[in-house]
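Listed below, chain by chain, are the residues.
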Amino acid sequence: MTSAAAPVDTALQPASAEAAAGLVRVALDTPADDYFDYLADAAVMPGELVVVPFGKRHVMGVVLDRPDNTEVPADRLRPVTGHLTWMPPLNAAWIGLARFAARYYHRCLGEVMLPALPPSLRDPQTWERLEQRARTTQYRVRPAQSEALLAAAPSRARTVRALAEALIAAPDGLRLAEARELCTAAPARLAEWEAAGCIQSTHADRPLLDKAPTQVPSVAPTLHDEQRAAVDAITAAEGYAAFLLHGVTGSGKTEVYLHAIAARLDEDPAAQVLMLVPEINLTPQLQARIAERFPDQPLAVLHSGLADQERSLQWLAAHRGEARIVLGTRMAVMASVPNLKLIVVDEEHDTSYKQQEGLRYSARDLAVWRANQLGIPVVLGSATPSMESWYRAEQGAYRKLVLRDRAQADAALPTVRLIDLNHERQRQRTLYEGLSVPLLDAIQQRLDRGQQSLLFLNRRGYAPVLACDSCGWLSGCPRCSAYLVLHRPERRLRCHHCGLEAPVPHHCPDCGNVDIAPLGRGTQRIEEALAARFPQARIARIDADSTRRKGSAQAMLDEVHAGEVDILVGTQMVAKGHDFQRVTLVGIVHPDAAMFSHDFRAAEHLFASLMQVSGRAGRAGLGGEVLIQTRYPDAPALQALVRHDYDGFAASQLRERRQAGLPPYAYQVLVTAEHAQLERALAFLQAARACADASPMAAEVQLHDPVPMSMVRLFNKERAQMLVEAGSRPLLQRFVSEWVRTFDDAATRVKGVRWQLEIDPLRI
Ligand code: ADP
Ligand code: ZN
Ligand code: ZN
């Protein structure tokens, strides 16, 4: 039986006299410490979930250990008050993964462990509901106990009596739900009768995963030589091996994953595999492809779009070993998969593998660590590997597997052309709402041929700012150093950073001028301009605004696939993964903003995202063309794109990074601080820096000066940052573990400051 936090006294398992009370060591979700000691009977095992008193509350924790002694004085030791008994314990490998992540990201163990568990397990109040779905409990009368049972069920309590009679009448027993229908007090009565020895309960796990409707398995294509070589290398691996599978979009990487997965699952009837994808929106498509290929293999899916109970059931299916394939977004890297034999990380370069709040982990890096710990292969796949992974492959730490061409014989790589906007201006051709003549002509051609065009603009809304011509007023966010974005169809101004919303003013709030106008362009404006220019075309826009309703993204994508859309306008939501068969033109409206970023990874990210979106063109043998509008046609990222030259681009990036001593040649830690006043945030970082300077290790790390962040104000808080670098990861780790202990001290001197430590920061 499950026992919840309260009421406390019924909580522990049958308090059998011989169950010796002893100590348990428990991880709790608090930054206060890695573990806390409690009293518990012998039934409580490491890896199990318990409820314990913590201050005035009762909280859930994970049992780490059964220690022999404790530093907690005997009179302060309190007993465990609840215990989840029906779930198999988390195994030592899983606890080891959490321990590593806690150490590496400098967090307390429970802060890593508990958030990694699904919502219904984290909350003891929902344990019982989850149990009812996860297993069946059957209650039966014990042989020759019918009389005793009737004696315990007085006939004046009618429903209780009815329950007893029903139990006697049912040779196979009753399920809890059935018992409840007869008598609302069934749970308490049944527990009582069981304790008295009149009845007994038996339990069976219920299958958690819906069986996919039986379908004809899709036939795996015959692999071409490079794919074959890749699959062979992966399946031949014994023990830990990390592979970097580099292949352009459409080169058949997914086929390689599927073959490698098939081989693992065939090899061992209990084997499980874990596949990570960067975006929720990509899971339905891949889920369908996996289900078609492996109709008999139970598949669990894990992402934040699932309702709590559903996510918990999927998690449990992985944890119990029922799911053979576990597909999920970054959170899935922490799933309990006890018989894990292969990990795949698709689009390994994708920045969504990095958690940006709370525990700022990299799912890709943890996946590699996990594979290493378990002694299994891990495959990182990408058309544009991250510089970190590429460098490791060059160093020989990862084995490089290359797919050079598109898999389908008739699908050539698209031609990429730059439209030099300076040149357009010289020819006195003005832009039509930000769209150049060659791009408009190319769209018209597609319309004439009945083909699809995709226009990519990574900026949602109608216009990024509203401006007053006469006094220079701009629609700034009062809470952030950012502009309020005009959303014309919704008639709202919105801050994309803090969520503030305001009505669109009719006149300038500063000078009263009624001529206020949108500056610049977002997807809504492009959609509007295209509709005016091509009135006969069917246009769809896919961005975070147009897909707010659940399922609407999929519905729109389905329309595109069905050929019901001529022109698709979208943000990065359309750039990734989707296999649009009829798109032959990709137009990139405005990549230039990314070129002025201070972030040293800006070029890498620009290249990756443009390569991704370019990959949407010409997948099905119709020939594809990519047009990029730019005022900077000489930018190395764009030039490399024209030549489809990832290798050359990567080599030049790495050369620059080596010279500048940047990752992957150095390791970084970023400390950020926020406070209502910028000086206070900076003062905290100065204090932290002073502590660092005093450390004996300070000579070996490079401490940069605290500076305001480039977007300094967010939600009424001023933010500053300080970067620390070193040439060796272990050295930096050692330094930080010492250093971080001084932060609380610095924080007490600067009241109200909040700080964050980010290991391997992605955006600086
Ligand atoms: P990627 O994951 O690299 O984008 P996919 O594995 O999705 O590539 O393959 C792209 C397209 O080519 C898919 O439609 C896939 O079915 C097809 N394909 C992949 N490998 C082969 C092959 N060996 N023979 C024929 N078609 C293939
Ligand atoms: Zn004005
Ligand atoms: Zn704001």
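Since this is a predicted model, take the numbers as computed values, not measurements.

**A short note on the sheet that holds strand β4 (residues 57-65)**
On the basis of which strands lie adjacent, the open sheet formed by five strands has the order β2-β1-β4-β3-β5 and antiparallel pairing. Only two strands of the sheet have a single neighbouring strand rather than two, namely β2 (36-40) and β5 (82-83). When strand β3 (residues 49-54) meets β4, the two strands line up antiparallel, connected through six bridges. Residue pairing for β4: F54 is matched across the bridge by R57.

**Considerations on a nonpolar patch on the surface**
Together, L474, Y483 and L519 line one region of the surface with nonpolar side chains, adding up to about 270 Å² of accessible area. Of note, L474 is situated in the loop between β18 (465-468) and β19 (485-487). Judged by relative accessible area, which is 32%, L474 ranks as partly exposed.

**Looking at helix α18 (residues 552-561)**
Those residues of α18 that sit buried are S552, A553, M556, L557 and V560. Here the buried residues of α18 occupy an arc of 135° about the axis, which is enough to place them on one side. Here the buried face of α18 lies against β17 (452-456), β23 (539-542) and β24 (567-570).

**Describing the coordination of the zinc ion (ligand 3)**
The protein atoms that coordinate the zinc ion (ligand 3) are C477 (SG), C480 (SG), C495 (SG) and C498 (SG), at distances spanning 2.3 to 2.4 Å. Coordination at the zinc ion (ligand 3) is tetrahedral: its four donor atoms span angles of 105 to 115° at the metal. For the zinc ion (ligand 3), the donor residues sit on a single chain with the sequence spacing C-x2-C-x14-C-x2-C. Using a relative accessible area of 4% as the deciding quantity, one classes C495 as buried. Residue C498 is classed as buried on the basis of its relative accessible area, which comes to 11%.

**Looking at the site of ligand 1**
Around ligand 1, the structure places 18 residues, and the nearest of them are T222, Q227, G250, K253 and T254. One of the side-chain N or O atoms of T254 is found 2.5 Å from an oxygen atom in ligand 1. R289 is positioned with one of its side-chain polar atoms (N or O) 2.9 Å from an oxygen atom of ligand 1. Burial of ligand 1 by the surrounding chains reaches 81%, relative to a free accessible area of 560 Å². With three residues, the top contributor of residues to the shell around ligand 1 is helix α10 (residues 253-267). Of the residues in the shell around ligand 1, the class split is four nonpolar, nine polar and five charged.

**Focus: the coordination of the zinc ion (ligand 2)**
Bound to the zinc ion (ligand 2) are the protein donor atoms C468 (SG), C471 (SG), C508 (SG) and C511 (SG), situated 2.2 to 2.4 Å from the metal. One chain supplies every donor for the zinc ion (ligand 2), spaced along it as C-x2-C-x36-C-x2-C. Of this pair, C471 sits in the loop between β18 and β19 while C508 sits in the loop between β21 (501-503) and β22 (516-519); the two residues are 37 residues apart in sequence, bridging distant segments of the chain. What makes C471 partly exposed here is its relative accessible area of 38%.

**Observations regarding the environment of E194**
Structurally, the position occupied by E194 is in helix α8 (residues 186-195). Between the alpha carbons of E194 and M87 there is a distance of 21 Å; along the sequence they are 107 residues apart. Setting aside chain neighbours within four positions, we find E194 in contact with Y139, I199, Q200 and S201.

**A look at the UniProt feature "domain: Helicase ATP-binding" (unreviewed entry) in the protein**
With numbering matched to this structure, UniProt assigns "domain: Helicase ATP-binding" (unreviewed entry) to residues 234-403. End C-alpha to end C-alpha, residues 234-403 measures 14 Å, and it is 36% helix and 22% strand.

**Details of the domain arrangement of the protein**
With domains assigned, the protein is organised as domain 1 (17-116), domain 2 (134-205), domain 3 (225-403), domain 4 (415-462 + 521-656) and domain 5 (667-759). Taking the mean C-alpha position of each, domain 1 and domain 2 sit 34 Å from one another.

**Considering helix α16 (residues 437-449)**
Here α16 is 13 residues long and its end C-alpha atoms lie 18 Å apart, about the 18 Å a rise of 1.5 Å per residue gives. The complete set of buried residues in α16 reads P438, L439, L440, A442, I443, R446 and L447. Positioned one or two residues after α16, G450 has a phi angle of 70°, which is positive.

Conventions adopted
- Residues numbered from 1 in each chain as written.
- Chains lettered and ligands numbered in written order.
- Predicted model: local features only at pLDDT ≥ 70, side-chain atom pairs only at ≥ 80, totals over all residues.
- Heavy atoms only, no water.
- Pairing = 2+ DSSP bridges.
- Helix = DSSP H or I, 4+ residues; strand = E, 2+ residues; numbered from the N terminus.
- Patch = residues over 30% accessible without salt bridge, like charges linked within 9 Å, V, L, I, M, F, W, Y side chains within 5 Å.
- Areas by Shrake-Rupley, 256 points an atom, 1.4 Å probe, with all protein chains shown as cover.
- Salt bridge = Lys/Arg side-chain N within 4 Å of Asp/Glu carboxyl O.
- Buried < 20%, exposed > 50% of the residue type's maximum accessible area, 1.4 Å probe, protein only.
- Arc of directions from axis to C-beta.
- Contact = heavy atoms within 4.5 Å.
- Donors = N, O, S within 2.8 Å, 3.2 Å for Na, K, Ca; no water.
- Tetrahedral: all angles 85-135°; square planar, octahedral: opposite > 155°, others 65-115°.
- Near = heavy atom within 4 Å.
- Polar contact = N/O pair within 3.5 Å; in protein donor to acceptor, adjacent residues only side chain to side chain.
- Nonpolar A, V, L, I, M, F, W, Y, C, P; charged D, E, K, R; others polar.
- UniProt positions renumbered as here; feature names shortened; annotations may be inferred.
- Domains from an automatic or database assignment.
- Expected span 1.5 Å × (residues − 1).

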